[in-house]
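# Observations on the three-dimensional arrangement
These are the residues of each chain, in order.
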Amino acid sequence: MVPGETQHFNGRASRFPPIPVHRGSSCLHCPDHRRWIPETATYSHCLGRYGKSLRSSLEKGLILQLMQAGVSHNMLKWIQNYLSQRTGRVSLQGRESRQAIFKDGIPQGGVLSPTLFLVFMNSIQNIIKPHVKAALYADDLALICSEDSCGTAQKRLQECITLLEQWTDDWAMTVNAAKTTYSIFSLSTKIPNLRLRINNSLLEKENYPKYLGVTFDPRLTWCKQIETVQKNAVRRTLLLKKLAGTSWGAEMKLLKKTYVGYVRPVMEYGIAAWGTASKTNFQKIERVQNHSLRIITGGIKSTPINSMESVTGLESLEDRRKKKIVCQYTKFQHLANHPMCKLITNNPRKRLKRTNFTASAQQIYKSLELPDLRPDTPLQSSIDWPPWNQQSQIEIVKDIDGVTSKKSMIKRELHCLTQNVLDKNIPQTTG
């Protein structure tokens, strides 16, 4: 669900392939990596993180970014007042310190803070050149360049990094060089090292970078990701063993809920991206679920897996993997402005015995005989104008009849009086 206030920004054209990943979800908006790796090509990317984030940026810089985004008039004044003259104090063991004024930054944990940060970072797309792609999620930025030669990729990435340094200087920000690395994805056995610098520091090479909770490997076989998932899932199944027992312990219903809410999400996180792994590697994850099924049902090793799945009502991970891939593939079809929408329209080129996300999704579509759900017209944003330009008059009611002092009245009485005012002044709508 996207709030109406942010649809104006989301509807704007951007050269970034968005990669939103939310914890607890099994959806990873990840470009089709295998399709970007020709037989002799090198796929390089530079992963960086901002050190000071928005905390050390100037308030005037954020206001300028808001003006460039189209925010003006009362909305701009309200945000400026919201950011200025903010005070805070420390409370420890019943004692409070004196109030101090925050010179920079936005309230941590505030509802408006993430939106302001995204608006502030939106201008970074202007420094990305066409031959370099970028994936930006909050303060994590990945620069991607696909070339036949490592030398060409190094030159183009370094040019983009230099522009990035200039952008951070202009907006009073810094890039954390210690957390910035580069990786090379290629099927070639002879991969040279690159010499990329940021802030006069030579970047280190990382063979297994981790981006948004998913671990990549040089050949994109997802072996490292599956190894990490298997290790974390096995550790969580220990809780099921503690709760289960032959003559005591939790019943099967509680064990099933524990598995579905605590163990299985770890094995399905980002599965739409790394679900293209080979069958041999994916079976390592399936063994964890099979072991959990035996714990839930109390079955022995010779108990058929299908029988335990029928008793518990749990789907196999293979079926859930296909469901996640098909669901993600269908989402890409309905998002005309998404970079993956253009990639899936072209027939993927098969190489060796390996596959990719697009080929896997199309194969599942054919095997299940699913109808083509591609929309005739792409989905459009429901809001075509910035919400701050709406000319609706807002009436602020400060006094409520019957309310004299909140401390001397009970909450139920305050609630009834406030509800009466709302029912009287706000018209009831049906829909």
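Remember, predicted model here, so these are calculated numbers, not experimental data.

About the criteria used
- Residues numbered from 1 in each chain as written.
- Predicted model: local features only at pLDDT ≥ 70, side-chain atom pairs only at ≥ 80, totals over all residues.
- Heavy atoms only, no water.
- Salt bridge = Lys/Arg side-chain N within 4 Å of Asp/Glu carboxyl O.
- Buried < 20%, exposed > 50% of the residue type's maximum accessible area, 1.4 Å probe, protein only.
- Helix = DSSP H or I, 4+ residues; strand = E, 2+ residues; numbered from the N terminus.
- Phe/Tyr/Trp six-rings, centres within 6.5 Å; stacked < 30°, edge-to-face > 60°.
- Lys NZ or Arg CZ within 6 Å of the ring centre and 35° of its normal.
- Axes fitted to C-alpha atoms, helices over the stretch in contact; angles between N-to-C directions.
- Parallel < 35°, antiparallel > 145°, perpendicular 65-115°, else oblique.
- Contact = heavy atoms within 4.5 Å.
- Core = buried A, V, L, I, M, F, W, Y, C linked by side-chain atoms within 4.5 Å.
- Pairing = 2+ DSSP bridges.
- Expected span 1.5 Å × (residues − 1).
- Polar contact = N/O pair within 3.5 Å; in protein donor to acceptor, adjacent residues only side chain to side chain.
- pLDDT = per-residue confidence, 0-100.

One pass over the structure, following the stated rule, counts 8 salt bridges. With its nearest N and O atoms 3.3 Å apart, the salt bridge here joins R320 to E315. The exposure class assigned to E315 is partly exposed, which follows from its relative accessible area of 31%. A cluster of three or more residues bridged by salt bridges with shared partners is formed by R264, E268, E315, R320 and K323.

Our next topic: unusual backbone geometry. Positive phi outside glycine occurs at Q93, with the angle close to 55 degrees. Secondary-structure assignment places Q93 in the loop between β3 (91-92) and β4 (95-96). In the Ramachandran plot, N200 falls in the positive-phi region, its phi being about 65 degrees despite a non-glycine side chain. With respect to the helices and strands, N200 occurs in the loop between β9 (197-198) and β10 (201-202). What makes N200 exposed here is its relative accessible area of 75%.

What follows covers the packing of aromatic side chains. Applying the stated criterion to the full structure yields 9 aromatic pairs. Considering the side-chain rings of F332 and F357, the 5.7 Å spacing of their centres and the 80 degrees angle between planes classify their relative orientation as edge-to-face. With a gap of 25 residues between them, F332 in helix α11 (residues 317-334) and F357 in helix α13 (residues 357-368) connect regions that are remote in the sequence. For F332, a relative accessible area of 1% translates into the label buried. An aromatic cluster is present here, built from Y329, F332, F357 and Y365 joined pairwise through their rings. R236 extends its terminal NZ or CZ atom over the ring of Y262, reaching a point 4.5 Å from the ring centre. Against the face of F282 rests R321, its NZ or CZ located 5.6 Å from the ring centre.

Where helix α9 (residues 279-297) contacts α11, the axes come no closer than 10 Å and their chain directions differ by 120 degrees. Classified by the angle their axes make, α9 and α11 are oblique. Contacts between α9 and α11 involve F282, I285, E286 and Q289 on the former and, on the latter, L317, E318 and R321.

Time to look at the nonpolar core. Ranked by internal contacts, the top residues of the largest apolar core, which has 39 residues, are L66, M121, I124, L143 and W167. When residues of this core are traced back to their parent elements, those giving at least two are α2 (59-68), α3 (73-83), α4 (113-121), β6 (133-137), β7 (140-147), α5 (150-170) and β8 (181-185). Here this core takes 7 residues from α5, the largest share from any one element. Counting residues in each nonpolar core, the second largest holds 31 residues, with L240, A277, F282 and L314 among its members.

Within β8, 5 of the 5 residues are buried, which leaves it mostly tucked inside the rest of the structure. Burial along β8 is two-sided: T181, S183 and F185 facing one way and Y182 and I184 facing the other are all buried. Bridge count between β8 and strand β11 (residues 204-205): 2 bridges; the pairing is parallel. Across the sheet, residue T181 finds its bridge partner in β11, namely E204.

The end-to-end C-alpha distance of α13 is 17 Å, a good match for the 16 Å that 12 residues give at a rise of 1.5 Å each. Here α13 has its buried residues at F357, T358, A359, S360, A361, I364 and Y365. The inward-facing, buried residues of α13 abut α8 (271-274), α11 and α12 (339-345). Measuring from the backbone nitrogen of T358 back to the side-chain oxygen at the start of α13 gives 3.3 Å, which picks out N356 as the cap. E369 sits one or two residues past α13 and shows a positive phi near 55 degrees.

We now examine the confidence of the model for the chain. As a note on interpretation, predicted positions should not be read in detail where pLDDT is low. Mean pLDDT for the chain: 79, with 78% of residues reaching 70 or above. Below pLDDT 50 for its whole length, residues 1-42 participates in 130 contacts with residues either more than four positions away or in separate chains. Confidence drops under a pLDDT of 50 for residues 51-56, and excluding neighbours within four residues, the segment shows 15 contacts in the predicted structure.

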